[in-house]
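Spelled out, the chains give:
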Amino acid sequence: MTGTVRAGMAGALLFAVVLASSGPAWAQVSAQPQDPLAGSRVFGAKGCAKCHAVNGIGARIGPDLGRIARPRSFYDMATAMWNHLPRMADRMQQLGIARPHLGVQETADLIGFLYTLNYFDAPGNVAAGRRLFTEKRCIVCHQVDGVGGVLGPNLDFLRPFRSPIYVATAMWNHGPQMMDAMAARGIPRPSFTGTELRDLIAFLAPGTGGSTEGPIYVLPGRADNGRRLFVEKRCAECHSVGGRGGKVGPDLGERAVRRSTIDFAAEMWNKAPRMLAEMKPRGIVAPQLRPEEMADLIGYLHSVRYFAEPGSVQRGRAVATNKGCLTCHALAGERGKPASDLTRLRLATPAAVVAALWNHALVTAPAPVEGKLAWPELRGEEMADLAALLTSFERVR
């Protein structure tokens, strides 16, 4: 990665994350862990940064990948790469940039990295956060820089952590005590929008001063740990994820995928009184969380839709036919060229399929540019079906 891009992304990449197998929603990735941090290195080493910026840092030939709408699944991300490949190939040829070959693990890590790019929130406004600290009456109980009440803990301790997750965890853990203390003093419990909480965190934890040693809980966390915690902390007794679990509260898998980290934390704070009221008659004590556990839980909730619905082998055959794959490739000896029979492929994971498609396109991509063959664009669900077909040959070997 270039020095410019590395410097611009250092804060967003201080995490150890593996998008790993964790149950039915992850059935299609059981053999392919994905590490976005490693993916950031692939992004640089393979020359992606020569054309693409990330959140304003880097080249501007292609779109800024940190500022586009995040694809909702692995297959949406893979489809975006495939559909834009002819234009990318043409532009790279003009610029004299060699098109990179991707290994299976490199592909998995790169997609994990691209998927998590705008998982992070933009920095908040410190001045607005300082104003909110007073307007929301936090100042009645808490001190910052020697100003404020002493009924609650001094919040200067938050400053070294520079992490929305750490602040959100502290708010959750102390929520019940804060709620009781505020009720006793007639102080209305404030609610926060995502923007307000972002600004408040910018004021409370601006990242100035304090030790930089130890982990910085930025996000995303480990999805496999988060799934286990979701059960152990008894979240599953009230909430479902992807339709599995309790029905007292909303399905958190559906909600998390549309929310940023801070938006999710704000909703946890705002809904805490109702959640506590529902827990009490069920004998559930509000769970205490460590920052890394909060990161893992939110990482899990964001991961649930990553592989969306599994593809279909039958539909994959239809995609291969309708998209013209069988013009060149045979399928079990039928159609196309026998030497390039798709059933000879041994692709064990969706990432292996995407790597094979990308590397195959290193040869075929110039054709559409020259008008020899229309490039077959795909939708996310079609990519899932095609992956189901191509990985099925490995299973029947």
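Residues numbered from 1 in each chain as written. Predicted model: local features only at pLDDT ≥ 70, side-chain atom pairs only at ≥ 80, totals over all residues. Heavy atoms only, no water.

**What to know about the overall build of the protein chain**
Phase 1: In terms of regular secondary structure, the protein chain is built from 16 helices and six strands.
Phase 2: Within the protein chain, residue pairs in contact and separated by at least 24 positions form 72% of the contacts whose partners lie at least 6 positions apart.
Phase 3: Total accessible area on the protein chain is roughly 18600 Å²; 56% of this is exposed by carbon and sulfur atoms. (Helix = DSSP H or I, 4+ residues; strand = E, 2+ residues; numbered from the N terminus. Contact = heavy atoms within 4.5 Å. Areas by Shrake-Rupley, 256 points an atom, 1.4 Å probe, with all protein chains shown as cover.)

**Notes on the state of the cysteines**
In a disulfide, the sulfur atoms of two cysteines are covalently bonded to one another.
Phase 1: Evaluated as defined, the whole model comprises zero disulfides.
Phase 2: C51 takes part in no disulfide bond, and the closest cysteine sulfur, belonging to C48, lies 8.7 Å away.
Phase 3: By relative accessible area, which is 11% here, C51 ends up buried. (Disulfide = S-S within 2.5 Å. Buried < 20%, exposed > 50% of the residue type's maximum accessible area, 1.4 Å probe, protein only.)

**Quick notes on the packing of helix α3 (residues 74-83) against helix α5 (residues 104-115)**
Phase 1: It is at 10 Å that the axes of α3 and α5 come closest, and there the two elements cross at 100°. Relative to α5, the element α3 lies roughly perpendicular. Contacts between α3 and α5 involve F74, M77, A78 and M81 from the first element and L110, I111, L114 and Y115 from the second.
Phase 2: Classifying every residue of the contact of α3 with α5 by side-chain character gives eight nonpolar, no polar and no charged. (Axes fitted to C-alpha atoms, helices over the stretch in contact; angles between N-to-C directions. Parallel < 35°, antiparallel > 145°, perpendicular 65-115°, else oblique. Nonpolar A, V, L, I, M, F, W, Y, C, P; charged D, E, K, R; others polar.)

**Notes on the packing of aromatic side chains**
Phase 1: One pass over the full model with this rule turns up six aromatic pairs.
Phase 2: Seen from the ring of F192, K136 lies directly overhead, with NZ or CZ sitting 5.4 Å from the centre.
Phase 3: The ring centre of W269 lies 3.8 Å from the NZ or CZ of R189, which sits over that ring. (Phe/Tyr/Trp six-rings, centres within 6.5 Å; stacked < 30°, edge-to-face > 60°. Lys NZ or Arg CZ within 6 Å of the ring centre and 35° of its normal.)

**A closer look at empty space enclosed by the protein**
Phase 1: Within the structure shown, the criterion is met by four cavities of 30 Å³ or more.
Phase 2: Taken as a whole, the largest cavity spans an internal volume of roughly 110 Å³.
Phase 3: If you go around the largest cavity, you meet 14 residues; those closest to its centre are A168, M171, W172, M268 and W269.
Phase 4: Every element with two or more residues in the lining of the largest cavity is listed here: α7 (164-184) and α11 (261-279).
Phase 5: Its residues assigned to classes, the lining of the largest cavity comprises twelve nonpolar, one polar and one charged. (1 Å grid on protein atoms, 1.4 Å probe; cavity = no way out; pocket = protein on both sides within 12 Å on 5 of 7 lines; lining within 4 Å. Points joined across faces, edges and corners; volume = space filled by probe spheres on them.)

**Comments concerning unusual backbone geometry**
Phase 1: Even without glycine at this site, R137 takes up a positive phi of about 65°.
Phase 2: Tracing the backbone shows R137 in the loop between α6 (126-135) and β3 (143-144).
Phase 3: Unusually for a residue other than glycine, R234 sits at a positive phi of about 70°.
Phase 4: In this structure, R234 sits in the loop between α9 (223-232) and β5 (240-241).

**A closer look at the pattern of salt bridges**
Phase 1: By the definition in use, this model includes 14 salt bridges.
Phase 2: For R234, the salt bridge goes to E237, with nearest N and O atoms at 2.6 Å.
Phase 3: Among the ionic pairs, D385 bridges to R315, the shortest N-O distance being 3.0 Å. Residue D385 is located in helix α16 (residues 380-395), and its partner R315 is located in helix α13 (residues 313-322); the two are separated by 70 residues in the primary sequence.
Phase 4: Look at R315 and you get partly exposed, because its relative accessible area is 45%.
Phase 5: Within the structure, one salt-bridge network assembled from shared partners comprises K233, R290, E292 and E293. (Salt bridge = Lys/Arg side-chain N within 4 Å of Asp/Glu carboxyl O.)

**Brief notes about the side chain of T391**
Phase 1: The residue T391 is located in helix α16 in this model.
Phase 2: In terms of polar contacts, T391 uses its side chain to reach the backbone carbonyl oxygen of A387, at 2.7 Å.
Phase 3: If we ignore the near neighbours within four places in the chain, the residues touching T391 are L347, A348, T349, P350 and V353. (Polar contact = N/O pair within 3.5 Å; in protein donor to acceptor, adjacent residues only side chain to side chain.)

**Brief notes about the environment of G39**
Phase 1: You can see G39 is positioned in helix α2 (residues 36-45).
Phase 2: Residues G39 and G112, spaced 73 residues apart in sequence, show a C-alpha to C-alpha distance of 6.6 Å.
Phase 3: Excluding residues within four positions of it along the chain, G39 makes contact with D109, L110 and F113.

**Overview of the nonpolar core**
As a rule of thumb, nonpolar side chains are buried together in soluble globular proteins.
Phase 1: Core analysis: the biggest nonpolar cluster contains 46 residues, and F43, F74, L110, I111 and L114 have the highest contact counts within it.
Phase 2: Put simply, the parts of the chain that give this core at least two residues each are α2, α3, α4 (85-95), α5, α13, α14 (350-364) and α16.
Phase 3: Residues within four places of F74 in sequence aside, it is in contact with Q34, I111, Y306, F307, P350, A351 and V354. (Core = buried A, V, L, I, M, F, W, Y, C linked by side-chain atoms within 4.5 Å.)

**Regarding the environment of G299**
Phase 1: By the secondary structure assignment, G299 is in helix α12 (residues 291-303).
Phase 2: Judged by its relative accessible area of 6%, G299 is buried.
Phase 3: Taking C-alpha positions, G299 is 6.7 Å from G226, a pair spaced 73 residues apart along the chain.

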